[in-house]
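# Per-entry structural report
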Amino acid sequence: TYKQIDILEDPSGKLDISHVRTKAYQHQFRPSTNRIPKNEHPGSAYWYRFRIAHTEASKKKWVLEFFDQSINDLKLYVYERGTGYQENAFGTRYDFTNRVYEHKNFTYDLNNKSNNLLTYYVRIKSDNPVSAIFVVRDFRWFLGYAIGEYFIFGLFYGMIFVFCLYNLLMYFAIKGKQYLYYVLYNLGIGLYEMCNDGIAFQYLWPTFPALNTYGFGISLFISSIFGMLFTIRFLYLRAKSPLWYKAVLFTIFLRSGFFLACLVFPTLFNLKVLEIIPLMMVFFSALSVYRSGFKPAMYLVSGYGILLFGFLIKILLLLKWIPYGTLVYYSLSICFVIEMVLVSFAIGNSIRSLRRKKNFAQKRIIEQLQLNDKLNQTLNNELTAMVESRTRELREKAEIIEAQNVEISVMNAMLKRDVKELNLDIERVNKARVMSKKVNFEEFSKIYPDKESCFKYLSELKWTAGYVCKKCGNPHFLSGATPYALRCTRCGYDESVIAGT
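Anyway, here's the lowdown on the structure attached to this text. Just so we're clear, the structure is a prediction, and the values are computed from it rather than from any experiment.

In summary, the side chains of a regular strand alternate between the two faces of the sheet. In terms of residue burial, strand S8 (residues 117-125) counts as a mostly covered element, since seven of its nine residues are buried. Note: strand S3 (residues 45-53) against S8, eight bridges, orientation antiparallel. Bridging from a neighbouring strand, Trp 47 pairs with Arg 123 of S8. Inspection of the sheet shows strand S5 (residues 73-80) paired to S8 by five bridges, in the antiparallel sense. What sits directly across from Leu 74, in S8, is Ile 124.

Take a look at the structure:
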């Protein structure tokens, strides 16, 4: 118990076991007044002194166990007869494979081969706030307890896996980004709990102890960011509460900036209490949307409220305002499980609401389609009647027009024929008149007004019987060099229209 532990703070962090065992420092050890001793100043090294009475006759195998799995550097000094105090190193700065037992807690096998009251020293140096919880157990009790604890861990992380798988299937089925955000949020919560329990170091990165420094911060960042993104999408925050939508976006921006600062200054990862700000933002956002009438937000309000309650318990425990206990220590994990169940109810309620809206919309669509079908039938009947009436009118008019066109065509053909005959008569009369009697120049010019018309008339007279070359007798010709002249295709003789006339 804490009353059996003495504490010495080493602000310089340079004391070793030889210094601590001197009378000057032995008198500086003070009995612990806190039920759970903590390193109040992360920059200091803390020495703890306690005694264990050994009984050689005991047939049990005893184990010394250190509960806080997040301690960076823990050194246990055990007295060995003939060699003095021997150092045993534990902590998250050492590979997990160096441990005697593959267990999340730090353990040491006690040598019970004497009846002495032995003094043990523990030096703890950690950059983050840690608890000094030392437990002596017999090995059989330790083994049973460890199996039961890991079984509970399996149930807890199995639930997280089931919730992730369920929402991942929802994402592939509905393509809603909120389900993918919730999967990533749950993964962040699961990774945080694994880091908090020491499971992550045991199973995820046992040979990379440096990742223990960043595991908490990365997991909290993932859970915060995707928790806020899930709230925005699931609650339709942009439409239902624009003011809280802007506030949550601003919080995402600040949280991302703080995470980048933590990567540069890893000690900032210890400010886990700041995670209450994103949690309060999503809680009050859900409360605002619920008040606006969105019923599925009720489950989110309850879930985030319980999670906020668990977070406040953790803060009160950190401030030592409430006593330490197993239920209190795991209160945040319990709240996480309840929150996941309630959010699943919210998702189910939302899906049922969407299904009801879909069924109502489908019913309205069917009714509207039936009404549209009736209107279409009525309109089609009216249009058919109108089209038939109009078609009859157009058919009658077309028949009349067609009859008139036939008559006009006949009349046009007759007129063309008469005009043609008249023109031929006029031409024959004029030519006959010119050839049969003398006419004055004015009358002649009306019939043959230019040289072209005269040449044309002469060519018709000259080659009435056909063309025959005067030179070679060839009947084939081409156009000559002058108007109406003909050229022989064989000898090339060019005969003028007035030649030989």
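Moving on to helix H10 (residues 297-318). For H10, built from 22 residues, the straight-helix expectation of 32 Å at 1.5 Å per residue is met to within 8% by its first-to-last C-alpha distance of 31 Å. Taken together, the buried positions of H10 are Ala 297, Leu 300, Val 301, Gly 303, Tyr 304, Leu 307, Leu 308, Gly 310, Phe 311, Ile 313, Ile 315 and Leu 317.

This paragraph deals with helix H4 (residues 177-197). Count 3.6 residues to each turn of an α-helix, and residues three or four apart come out pointing the same way. The terminal C-alpha atoms of H4 lie 30 Å apart, and with 21 residues this matches the ideal 30 Å at 1.5 Å per residue to within 8%. In terms of residue burial, H4 counts as a mostly covered element, since 17 of its 21 residues are buried. Positive phi appears at Gly 198, one or two residues downstream of H4, with a value of about 85°.

Time to look at a positive patch on the surface. Taken together, the side chains of Lys 240, Arg 352, Arg 355, Arg 356, Lys 357 and Lys 358 define a basic patch exposed on the protein surface. The dominant element in the positive patch, judged by the number of residues it contributes, is helix H12 (residues 331-436), at five residues. In this structure Lys 357 comes out as exposed when scored by relative accessible area, which is 54%.

Bringing the sheet that holds strand S1 (residues 6-10) into the picture now. Hydrogen bonds between backbone groups are what pair the strands of a sheet, and the pairing can be parallel or antiparallel. Taken in spatial order, the six strands make up an open sheet running S2-S1-S3-S8-S5-S6, and their pairing is antiparallel. Only two strands of the sheet have a single neighbouring strand rather than two, namely strand S2 (30-31) and strand S6 (84-90). As paired strands, S1 and S3 are joined by five bridges and run antiparallel to one another. Counterpart to Leu 8 in the pairing with S3 is Trp 47.

Looking now at the packing of helix H3 (residues 139-174) against H4. The geometry of a pair of packed helices is captured by two quantities: the angle between their axes and the separation between those axes. Two elements in contact, H3 and H4, have axes separated by 8 Å at closest approach and are oriented at 165°. Relative to H4, the element H3 lies roughly antiparallel. For H3 against H4, the interelement crossing comes out left-handed. Contacts between H3 and H4 involve Phe 153, Phe 156, Tyr 157, Ile 160, Phe 163, Cys 164, Asn 167, Leu 168, Met 170, Tyr 171 and Ile 174 from the first element and Lys 177, Tyr 179, Leu 180, Tyr 182, Val 183, Asn 186, Leu 187, Gly 190, Glu 193, Met 194 and Asp 197 from the second.

This model, assessed by the stated rule, comprises 12 salt bridges. Of the charged contacts in the structure, one is a salt bridge between Glu 65 and Arg 137, with a shortest N-O distance of 2.6 Å. Residue Glu 65 is found in strand S4 (residues 62-66), and its partner Arg 137 is found in strand S9 (residues 134-138); the two are separated by 72 residues along the sequence. The class of Arg 137 is buried, set by a relative accessible area of 10%. A salt bridge links Lys 125 to Asp 127; the shortest N-O distance between them is 3.9 Å. Under the relative-accessibility criterion, Lys 125 is labelled partly exposed at 23%. Each of the salt bridges in this network shares a partner with another, and the network as a whole consists of Asp 73, Lys 75 and Arg 93.

About the cut-offs
- Residues numbered from 1 in each chain as written.
- Predicted model: local features only at pLDDT ≥ 70, side-chain atom pairs only at ≥ 80, totals over all residues.
- Heavy atoms only, no water.
- Buried < 20%, exposed > 50% of the residue type's maximum accessible area, 1.4 Å probe, protein only.
- Helix = DSSP H or I, 4+ residues; strand = E, 2+ residues; numbered from the N terminus.
- Pairing = 2+ DSSP bridges.
- Expected span 1.5 Å × (residues − 1).
- Patch = residues over 30% accessible without salt bridge, like charges linked within 9 Å, V, L, I, M, F, W, Y side chains within 5 Å.
- Areas by Shrake-Rupley, 256 points an atom, 1.4 Å probe, with all protein chains shown as cover.
- Salt bridge = Lys/Arg side-chain N within 4 Å of Asp/Glu carboxyl O.
- Lys, Arg positive; Asp, Glu negative; His and termini not counted.
- Charge placed at Lys NZ, Arg CZ, Asp CG, Glu CD.
- Axes fitted to C-alpha atoms, helices over the stretch in contact; angles between N-to-C directions.
- Parallel < 35°, antiparallel > 145°, perpendicular 65-115°, else oblique.
- Left-handed = near helix turned anticlockwise from the far one by under 90°.
- Contact = heavy atoms within 4.5 Å.

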